[in-house]
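Residue strings, one per chain:
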Amino acid sequence: MKSEWWKNAVIYQVYPKSFYDTNNDGIGDLSGIDKKLNYLKSLGIDALWISPCYLSPQIDNGYDIADYRKIDPMFGNNDDMKQLIVDAHQKNIKIIMDMVANHTSDESIWFKESRKSRNNYFSDFYIWRDPKNDGSEPNNWGSNFGGSAWTYDETRQQYYLHYYGKKQPDLNWENPLVREAIYDVMRYWKAQGVDGWRMDVITSISKNQDFPDNPNPHQLRYVVGNQDNGPRMHEFIHEMNQQVLAPFSMMSVGEAPSSKSKDARMLVDPKREELDMVFTFEHMHVDRKPGDVNGRWAIQPIDIVQLKKTLANWQDNLNGHGWNALYFENHDRARTPSRWGDDKNYRYESATAFATVLHGLKGTPFVYQGEEIGMTNPKFELADYEDIELKTNYQKLVEQEKTISKADFLKAAQKISRDNARTPMQWNSSKNAGFSESDPWFKLNPNYQTVNVERDMNSPRSIFKYYQKLIELRHNEDIFRDGDFKLILPNDRNIFAYTRTLKDQMWLVIANLSSWEQQASCLNDYDKTNLVLGNYDFEEKGTLRPYEAMILRK
Ligand code: TEU
Ligand code: CA
């Protein structure tokens, strides 16, 4: 039987640009990751997922790949990657690379050739369509980064499709040569020792070949069965599984933006031989006004009942049919204490409370760099942001369609924009937070004097140490891997509580996700001797203090 190492594991995501700079050009690099392996080992993590570090013009921070086989010189070279894999393996840390298989950069040789003519080897590597009779786009699909999803190319006199930026043309997965080319890249990196793949927007690879208009032209690209979860998606993923994932025992976690738990079951049921896990987006939408034209920028306060309902639904629907990937933060998400917690009054408490809730669930927890020390959103002004999604969405929604005011957009950006997670890692309180001797490529969060690794580790209320304990529990207690999940108090608007049960064992995971004390009568059955882990000193009162969280053993 194939080893399912990830079921006991916690995986740490590195965003290489912002992690640690060793040659002082202001940009994090691969040897920076290598230098921090001891730090990561001491946290206890089992594997690293490294966001794209391949050759790239970096219009989307590497999610626009120009050469899948080459490390971008900004990060080092292929030998540095090999060295990192060797050094990580020596410490028993696995390496997961990021496979962006839905699109490439327009600077990829594949695309440069493809746009030259309609009848060369690469012509059908991308999705080219003739203009309508009046010269306009083939249909009304919108790009995730604003504007039409089609861009006209003068040489071919055709439009090409891009779900993201103009410089990120979508690959044509209908073409077997494309699929083989991607599998070959995966074989190449397997030969260098990688252990698995995080697969960028893998649910977008199959397109409805009729290319029908969206019913609602204002809609961003999410129309299930049209632009996502297309007709041949399962077929393609199964093929990839059979060609490369299974034969080389590579772990896979796919990004699945519009999948519901029922769709996910089809992607991760081991019997179907597709993926090991998927990242859902559903639970990340609980602070978004549903159906609003402004999409993710239409923010509202977090709905805890909805958060519980969504996560419980994934726990229940996948139980016995597949494995969950658990996360609150990544390079596309804001910092949890600022987004859902209270980064002013209860940074330690809210960071550890959300961590408790997440790490207690059944599945594989992912930790995003800086999450383990409770890094926060930087609260930038508009001019400080870098992200292509933010900029293009601003143009579309604030300037062109005027569906949201500048002030509201900024407020939303400070709360949920992707750049919140991309400021350089805060290592210590020296110059540039110890990230680099030179000016970093992206502004630091000004709070690095108080929030940084060194300070946190020396604090009696260390978030890092709390994560260490959560990870240790994951490694040592079978109940975390195998225990049945049951949500309790589903309608409580502040408390997130559930039990995990394995044979004669029952554990309670409970957290107050508010800044006010809450009654929790279920705690009356427990005393100090039941405590496995908590973020306050235990008090026998049947109440939970602000963001108090506990794991209790019956
Ligand atoms: O993200 C896919 C995706 O759906 C995001 O663009 C999402 O819509 C947005 O972050 C708001 O939730 C992946 C990568 O994680 C992201 O960094 C890339 O920009 C994108 O694909 C294109 O490769
Ligand atoms: Ca560097």
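Residues numbered from 1 in each chain as written. Chains lettered and ligands numbered in written order. Predicted model: local features only at pLDDT ≥ 70, side-chain atom pairs only at ≥ 80, totals over all residues.

1. A look at the overall build of the protein
For clarity, the cut-off: Secondary structure elements are defined from DSSP: runs of H or I of at least 4 residues count as helices, runs of E of at least 2 residues count as strands, and each element is numbered from the N terminus. Partly exposed residues are those whose C-beta has more than 12 but fewer than 20 other C-beta atoms within 10 Å; with 20 or more the residue is buried, with 12 or fewer it is exposed, and the C-beta atoms are placed from the backbone. Placing C-beta atoms from the backbone, we regard two residues as in contact once those atoms come within 7 Å.
Secondary structure assignment for the protein yields 15 helices and 20 strands. A buried classification covers 52% of the 554 residues belonging to the protein. Within the protein, counting contacts between residues at least 6 apart in sequence, those at least 24 apart form 67% of the total.

2. Here's the deal with the nonpolar core
The line we're drawing: Think of a nonpolar core as buried Ala, Val, Leu, Ile, Met, Phe, Trp, Tyr and Cys residues chained together by C-beta atoms that fall within 7 Å.
By size, the foremost hydrophobic cluster in this structure holds 151 residues, and its most contacted members are I11, I45, L48, I96, V278, F409 and I510. Tallying contributions element by element places helix α10 (residues 347–359) first for this core, with 6 residues. What I96 contacts, discounting residues up to four positions off in sequence, is I11, A47, L48, W49, D195, G196, W197, R198 and M251.

3. Here we look at the site of ligand 1
Heads up, the condition is: By convention here, the C-beta atom is placed from the backbone, and a residue is near a molecule or strand when that atom is within 6 Å of it. Each residue is assigned to one class: nonpolar for Ala, Val, Leu, Ile, Met, Phe, Trp, Tyr, Cys and Pro, charged for Asp, Glu, Lys and Arg, and polar for all the others, Gly among them.
Around ligand 1 sit 14 residues, and of these D60, Y63, Y164, P257 and D332 come closest. A breakdown of the residues in the shell around ligand 1 according to their chemical character gives 5 nonpolar, 2 polar and 7 charged.

4. Observations regarding the domain arrangement of the protein
Put simply, the rule reads: Annotation comment: domain bounds sourced from an automatic or database domain assignment.
Taken domain by domain, the protein holds domain 1 (109–161), domain 2 (177–323) and domain 3 (480–553). Relative to domain 3, the C-alpha centre of domain 1 lies at a distance of 54 Å.

5. Thoughts on helix α3 (residues 78–90)
Cut-off, in case you're wondering: Take the number of residues in a helix, subtract one, and multiply by 1.5 Å to get its expected span. Comment: arc refers to directions from the helix axis out to C-beta atoms.
For α3, with 13 residues, the first-to-last C-alpha span of 18 Å sits near the 18 Å given by 1.5 Å per residue. What α3 keeps buried is the set M81, L84, I85 and A88. On an axial view of α3, the arc spanned by its buried residues comes to 100°, and they lie on one face. Turned more than 90 degrees off the buried face of α3, the exposed positions are D79 and Q90. Looking at the buried side of α3, the elements it contacts are α1 (30–35), α2 (37–43), β2 (47–50), β4 (67–71) and β5 (94–99). Once α3 ends, the next one or two residues include N92, with phi positive near 65°.

6. Thoughts on the pairing of strand β10 (residues 251–256)
Here is the rule we go by: Two strands are said to pair when DSSP picks up at least two bridges between them. Orienting the strands away from the viewer, one traces the path from the first strand over the helix to the second; a clockwise path indicates a right-handed crossover.
Most of β10 sits inside the fold, with 6 of its 6 residues counted as buried. Neither face of β10 is exposed, since M251, V253 and E255 on one face and S252, G254 and A256 on the opposite face are all buried. Pairing of strand β9 (residues 196–199) with β10 involves 4 bridges; the strand directions are parallel. Bridging from a neighbouring strand, R198 pairs with V253 of β10. Judged from the 4 bridges that link them, β10 and strand β11 (residues 277–280) form a sheet pairing that is parallel. Counted as the bridge partner of V253 is M277 from β11. Taken together, β10, helix α7 (residues 261–268) and β11 constitute a β-α-β crossover, and its handedness is right-handed.

7. Some points on the confidence of the model for the protein
Selection rule: Known as pLDDT, the predictor's per-residue confidence is scaled from 0 to 100.
Here the protein averages 96 in pLDDT, and 97% of its residues register 70 or above. Per-residue pLDDT stays below 50 along residues 221–225; that stretch engages in 14 contacts with residues further than four places along the chain or on separate chains. Scored as a whole, the predicted complex attains pTM 0.97, and scored at its interfaces, ipTM 0.95.

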